[in-house]
Each structure stands twice: as C-alpha cells, then as structure tokens.
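Residue strings, one per chain:
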Amino acid sequence: MASMKLSLTFILLLSGLVVLGEIGATEAACAVQCFQGGYITCDNYPYRKLDGCDCQCAPKNGKNCVLHLHTGSTYNCTAQA
C-alpha cells in the first residue's frame, strides 16, 4: 500500500512539472540585453506589462503590441511570424 501511495505521489509531481514546463515554454526569454529599460503591452494581454525593451521581445501571439521605453518613447511592434 505504501509503494502505491509513493507511486501516485511521484506521478502527480511529474505531471505538475510537465504542466509548469509547458507554461514556461509559452513565454520565451528575449535574448536582447536591455540598458535603457522598458516594457511591452499587447491587446491580448490586458493590464500586463511584459518584460522587454525591443519589439523582438514581444510574444509571438501578441496583438497590437506597443513598446514603452522609460524615456517616454513608444513604438508600435509589427506582428512576428
């Protein structure tokens, strides 16, 4: 009985790690190193300030993304393939 509980616990933990890995894969890290700082907003991510200081850091599925630099400048990001 104890080995069955241990097996079930292991399967649940493994399932959780797989789910968390999938969530993390949807938000890939941007390779651009930021010095000026900023954030990105997208219509399909309401009320979220996404990390990034270059439009290539916008999510691939982002809709009407805008780059906001700490200098006050804003740039409309084009859709990524």
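Residues numbered from 1 in each chain as written. Predicted model: local features only at pLDDT ≥ 70, side-chain atom pairs only at ≥ 80, totals over all residues. Heavy atoms only, no water.

**Brief notes about the overall build of the protein**
Looking only at helices and strands, the protein features one helix and four strands. Mapped in sequence order, the helices and strands of the protein form the string α-β-β-β-β. Evaluated residue by residue, the protein yields a buried proportion of 20% over its 81 residues. In the protein, once contacts between residues fewer than 6 apart in sequence are set aside, the share between residues at least 24 apart is 25%. Split by element, the accessible area of the protein, about 6500 Å² in all, is 62% carbon and sulfur. (Helix = DSSP H or I, 4+ residues; strand = E, 2+ residues; numbered from the N terminus. Buried < 20%, exposed > 50% of the residue type's maximum accessible area, 1.4 Å probe, protein only. Contact = heavy atoms within 4.5 Å. Areas by Shrake-Rupley, 256 points an atom, 1.4 Å probe, with all protein chains shown as cover.)

**Topic: the state of the cysteines**
Under the counting rule described, the total for this entry stands at two disulfides. The partner cysteine of Cys42 in its disulfide is Cys65, sulfur to sulfur 2.0 Å. On the sign convention where negative means left-handed, the S-S torsion of about 105° between Cys42 and Cys65 marks this disulfide as right-handed. Here Cys42 is found in the loop between strand S1 (38–41) and strand S2 (50–51), whereas its partner Cys65 is found in the loop between S2 and strand S3 (66–69), with 23 residues between them in sequence. Cys65 matches Cys42 in its accessibility class, with the two residues each being buried. Cys55 shares a disulfide with Cys77; S-S distance 2.1 Å. (Disulfide = S-S within 2.5 Å.)

**Regarding the side chain of His68**
Looking at where His68 falls in the secondary structure, it is placed in strand S3. Those residues in contact with His68 that sit more than four places away from it in its chain are Gly38, Tyr39, Thr41, Ser73 and Thr74.

**Some remarks on the nonpolar core**
A general tendency of soluble globular proteins is for nonpolar side chains to be buried together. Ranked by size, the top nonpolar core spans 11 residues in total: Ile40, Cys42, Tyr45, Leu50, Cys53, Cys57, Ala58, Cys65, Leu67, Leu69 and Cys77. Excluding anything up to four places from it in sequence, Ala58 contacts Ile40, Cys65 and Gln80. (Core = buried A, V, L, I, M, F, W, Y, C linked by side-chain atoms within 4.5 Å.)

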